[in-house]
Amino acid sequence: MKRITVGSTDPERLSSEEAIQAEADLLNKCLEPTARGRIIGIEKNFSLLNIGEHQVVLQAMVYHIGFPRKPYWLEDKATS
């Protein structure tokens, strides 16, 4: 199983557009027919923060992808 977060969850470290696109690309790669991944769960995170006069919206989707077998190209950052 692989957990992929797409979006920003930490107000101290906002994700750039390039980082969000890389996360979405990894998600799509996991769902390709050759990888045979399936979405087994989705977490939806939404928070509204007031910083001074500004409001900041943090949105993130966390996908839990299950595989019959772990693909060889999939690295696990928790063990690295």
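Use the structure listed above.
Let me begin by describing the structure that accompanies this report.

What counts, and at which threshold
Residues numbered from 1 in each chain as written. Predicted model: local features only at pLDDT ≥ 70, side-chain atom pairs only at ≥ 80, totals over all residues. Heavy atoms only, no water. Phe/Tyr/Trp six-rings, centres within 6.5 Å; stacked < 30°, edge-to-face > 60°. Lys NZ or Arg CZ within 6 Å of the ring centre and 35° of its normal. Pairing = 2+ DSSP bridges. Helix = DSSP H or I, 4+ residues; strand = E, 2+ residues; numbered from the N terminus. Axes fitted to C-alpha atoms, helices over the stretch in contact; angles between N-to-C directions.

Here's the deal with the packing of aromatic side chains
Then, in step 1: A complete count under the given rule lists 0 aromatic pairs for this structure.
Then, in step 2: Directly above the ring of Trp73 sits Lys29, whose terminal nitrogen or CZ lies 4.4 Å from the centroid.

Observations concerning the sheet that holds strand β2 (residues 38–51)
Then, in step 1: The strand order across the open sheet formed by 3 strands is β1-β3-β2, and the pairing between neighbours is antiparallel. The two strands at the open ends of the sheet, each matched to only one other strand, are β1 (2–7) and β2. Ignoring which end each strand starts from, the neighbouring axes of this sheet average 20° apart.
Then, in step 2: Both β2 and strand β3 (residues 54–66) contribute to a ladder of 13 bridges, which runs antiparallel. Bridging across to β3, Lys44 finds its partner in Met61.

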